Amino acid sequence: ETISLTVASSHPTVVPWVGMIQTHFMARTDEILAESGDYKIEWNEAFGGTLYKANATLSSVEEGITDVGWVFSFLEPAQLPLSQVSTNTPFATANPPVLLDVMEQLLESNDAFRAEWEDHNLKVLGLTATDLYDIYTKEPLTGIADIDGMKLSAPGVLGNWLRGTGANAVDGALTTFYTDVQTGVSDGALTLALGAMPIKLYEVAPYINRFDAGAAFSGAIAINADTWDTLPEEVQAAMIAAGKYYTESHGQDMVDRHELMLNLMVQNGAEQDPPVTIVPMPASERQAWVDMLPDLAGEWAASVDALGAPGTEFLGEYMQALRDAGETPARDWDK
Amino acid sequence: MSPVEIGTYGIIALILLIYIGMPIGVGMLLVSFTGVAMIRSEGVATRMIGAVANDSLREYLFAVVPLFVLMGLLVTVSGVGKDTFDVFERLLKRVTAGLGIATVFANAVFASITGISIASATVFSRVAVPEMTRHGYRKQFAAGVVAGSSVLGMMIPPSLLMIVYAVLAEESVGRMFLAGIGPGLVLALMFSATIILLARTRRGFVFDEAGDTATYEHISLGAVLHKSIPILSLMTLVLGGLYGGFFNPTEAGAAGAFGALVIALLRKSLGSGVLWRLLVETGQITVSVLILIMAATFFSRMLALSGVPRELAEFFLSGPVGPMGFLVLYLLIIIALGCLIDSISIMLIMLPIALPVAEAAGFDLIWFGVLTVVSVEIGLLTPPFGLSVYTIKSAMDDPDLRVGDIFVGALPFVVAMLVTLALIIAVPSIATWLPRL
Amino acid sequence: MKPETNTPDARAPRGHPRRGPGRVWALVVESLAVVGTLMIGALMVIICADIVFRNLLGASLPLVSELGALVLVMIVYLQLATTIRADRLARTDIFLPLIRQGYPRLGAGIAALFDLVGAVMLGLIAWSSIRILEKDFSSGEFIGVTGIATLPTWPFRVLILLGVAVAAVECILRALENLRNPKTGVDPQ
Ligand code: NA
Ligand code: NA
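Please read all numbers here as calculations on a predicted model, not as lab measurements.

> How should I be thinking about the overall build of chain B in this particular structure?
When you go through chain B residue by residue, the secondary structure sums to 22 helices and zero strands. Over its C-alpha atoms chain B spans a radius of gyration of 22 Å, differing by no more than 12% from the 22 Å that the globule rule assigns to 437 residues. Its C-alpha atoms put chain B at 70 × 45 × 45 Å along the principal axes. Put simply, chain B has 437 residues, and 65% of those count as buried. Across chain B, contacts joining residues at least 24 apart in sequence account for 79% of those joining residues at least 6 apart. Both charge centroids of chain B, one from 24 positive and one from 26 negative side chains, sit 7 Å from each other.

Set out below in structure tokens:
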């Protein structure tokens, strides 16, 4: 029996976790189903924003405009408040696989967290995270104190990570960073190696000040719940297994790729003047940065509590789960 | 029916509806809604039309549309165009057919402070045509020169068409603007060459029998400088700000509109309700452009669901037609549509279908965009519906000058545009060198 | 009608009925348009203020890009009805005027049909936007960043919905007028 499903994303498949929907999630689902041969999925692919843009990743799966899609939780702070925990607890972990494990675990154990996704008429299959954040600049930094007075491009919510440092956040997105830095709208950018590499940010901001400033939970592959309910159990089981496989592969991929991208940027920019240089920042500088920040997590948790969701409680569970997994957060945001 | 068939019939139905005269945006909404309802379900189609209407226009970049339009309207009422023309008239008065060339270059410079071709056509039909006729040019030819050179308004940045293309192709607006400069200058040179060639070989087409006996008004060097100041300061503000790192494109639009407002106020051009009328006009142009963009977004999403672009790419790129064949066919269709429909509508109908194919063909999308804009602009000059020609006709309000005359006068410039188009196809770096620098 | 037609006097807007329900309706359409028109000025001021702040004081104003985007959507829908009323939506002007000259009744019928299709499409958008408004309201959807500055989105959604609904009704009225007076109608001018 052939089942026709639409799979879509706001971002193109060159973005690793979108590409891996094809190479890992869809491929593994097909593989599992092929074992018994009872069902076959005919995927109708609409990647790269052909069905909806980044501002509608949640509602498009929720409303069944696509059956399966990647939901970008960064851009849904009102709809998915608890999912914002990691962006509001900077530097709690710099280990994407552990972060994903913890979120997966919380999705099962914390009813409010699971409900905030399921209430949007969707079933979560796999989770995604970012790689690590660094500061890209035109001149090398000697420490975090140097960014005092600088203008740094940062996407929306990450502007918070610059509060208290004296740097001014210039709101932007990956698509605007290059020109913003080139033309002097900003002096640099707070961004990911994975994002910086394809936009060639290193050409205009050759100093990669490596803070390894922590990873963040970025969203999920989800399927519309109405579609989910019509699927035979065997297909559901295959998708759940494929989703777990996706999450795990993606977490490891983020670790490998972060190093790969940094090396690639150094390689590609070796001939330019000045050449691309990685400026390693000692752990003490990262600590200095995190200590400068106001109580971001507390403010955030309070605002979520005010909405009627258990923000403070979830913050505690999240931080504890990280510590239980062997992580040493740079700041105990729950205390 | 298979999704591909539904998508194909959708395209055909849309062309029919537009031809009969249904508002283009409404036609695209209808076809897309019906298409999605048939491919997926009515429920999905209803939710999708709502999502498209609410989300697709929600981009900071789109704020440039009203801002550049407002700027264009403000400079039009404040007489900046006339000053620019005066300056070039003074500079070129000793050259063969110098007034014709002055019109072309005044247009090129005026283009750098307005984002819409029609602003140029309005201004220069009132400024350049009377002066050219006074100096012995045939009115028909003079109007043709104005019509032809008005297309520079959309080639040379800022440009509404480049913005629309950048949005649909997800290219940087700044780069698309840069891409228009080279082709814009080539086009201006081509137009000048055409004028000189015609003046030498076909005098009867260019001049009345009498010949030029009228005197030139003397303009002192000081006056030239004085007249250049407003346009130079606006150019510096918009393009300097954009490429000097002070603004992003949206901000360049806001700063440009504000600068144009200041100039209009200093020149006392905004008496009794003029500003309000311009704002209302800005609003209506903005709505008609953005509603089209919204409807085209829905249309392209319907097509994405139908799989038509994928099939088309396969057909063109793996079959006997090949990428170049596709490109030529695409440009010919655009030029043909240009006889009937306005520029932005053409782009919004064609690009959702053609961009996936162009991408699959590995074309440089900046180059592809420039080719698209040039061929779309040819439509401004071709009958039966040639917007530049109609604008000149209504702005001049001269019963002796028939619409058909202006079309004939503009014909040499259509040929010059076709030559330029071929040149950009042959030498892509005319368009791509500057933005890829 | 054509997006590029920019001479301020290019097209005469539809006349204002002097009294009765027509007058009230015209007032509704015009007031929405006035709000939209004022928003264009506001948009310019907000963005210019941001430029000044960033270049002189080194700091971006919060919310500008998200607010600018939302204000723009509002401008479009608030002015939609008046744009339809002034017959400024892009369309080809070749075939229908000829039909209307030769066969006024048929031409008016086609024009009315087009208006009704417009009304149905806008009606569907309005219907679908009610759900979006409800969701934004109940979930407290906002723009901006918690801790820096935020603004709820539902008031914008209300205005968008209002604009679309009024535009849909305007389409119906145009259709009726076309059917009632095939010779003059409202379209084309
Ligand atoms: Na221009
Ligand atoms: Na034409």
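The discussion continues.
> I would appreciate a short explanation of the overall build of chain C in the present structure.
Check the secondary structure of chain C and you find six helices and two strands. Going from the N terminus to the C terminus, chain C shows its helices and strands as α-α-α-α-α-β-β-α. Counting across all 189 residues of chain C, residues that qualify as buried make up 52%. Accessible area of chain C: about 8,100 Å², with a carbon and sulfur share of 70%.

> I'm lost on the side chain of D253 of chain A in this one. Help?
All names here are of chain A. Residue position: D253 is located in helix α8 (residues 233–268). Accessibility expressed as a relative area gives 15% for D253, which makes it buried. Not counting chain neighbours up to four residues away, the residues in contact with D253 comprise P16 and M20.

> Just to check I follow, could you spell out the pairing of strand β1 (residues 2–8) of chain A for this structure?
Here is the key point about a regular strand: its side chains alternate between the two faces of the sheet. Residue and element names in this part refer to chain A. Of all seven residues that make up β1, five are buried, and the element is covered over most of its length. Judged from the seven bridges that link them, β1 and strand β2 (residues 40–46) form a sheet pairing that is parallel. When the bridges of β2 are listed, L5 appears paired with W43. Taken together, β1, helix α1 (residues 16–36) and β2 constitute a β-α-β crossover, and its handedness is right-handed. For β1 and strand β3 (residues 68–72), the ladder comprises two bridges, and the chain directions are parallel.

How each quantity is defined
The numbers attached to residues start from 1 for each chain and follow its sequence in the written order. The lettering of chains begins at A and the numbering of ligands begins at 1, in the order of writing. With pLDDT at 70 or above as the cut-off, local features in this predicted model cover only qualifying residues; side-chain atom pairs require 80 or more to be listed or tallied, and sums for whole chains, interfaces and linings still use all residues. For side-chain calculations, the full set of non-hydrogen atoms in the structure is used, while hydrogens and water are omitted. Helical segments are the DSSP runs of H or I of at least four residues, strand segments are the runs of E of at least two, and each set is numbered from the N terminus. Throughout, radius of gyration means the C-alpha value; the globule benchmark is 2.2 Å times the number of residues raised to the power 0.38. Any residue under 20% of the maximum accessible area for its type is buried, any over 50% is exposed, and the rest in between are partly exposed; the area is computed with a 1.4 Å probe on protein chains only. Contacts are assigned to residue pairs that have any heavy atoms within 4.5 Å of one another. Charge assignment: positive for Lys and Arg, negative for Asp and Glu; neither His nor the chain ends contribute. Where a charge sits is defined by one atom per residue type, namely NZ (Lys), CZ (Arg), CG (Asp) or CD (Glu). The Shrake-Rupley method, run with a 1.4 Å probe, gives the accessible areas here. Residue values count only the displayed protein chains as cover. Criterion used throughout: strands pair if DSSP finds at least two bridges between them. With the strands pointing away from the viewer, any crossover whose connection runs clockwise from the first strand over the helix to the second is right-handed.

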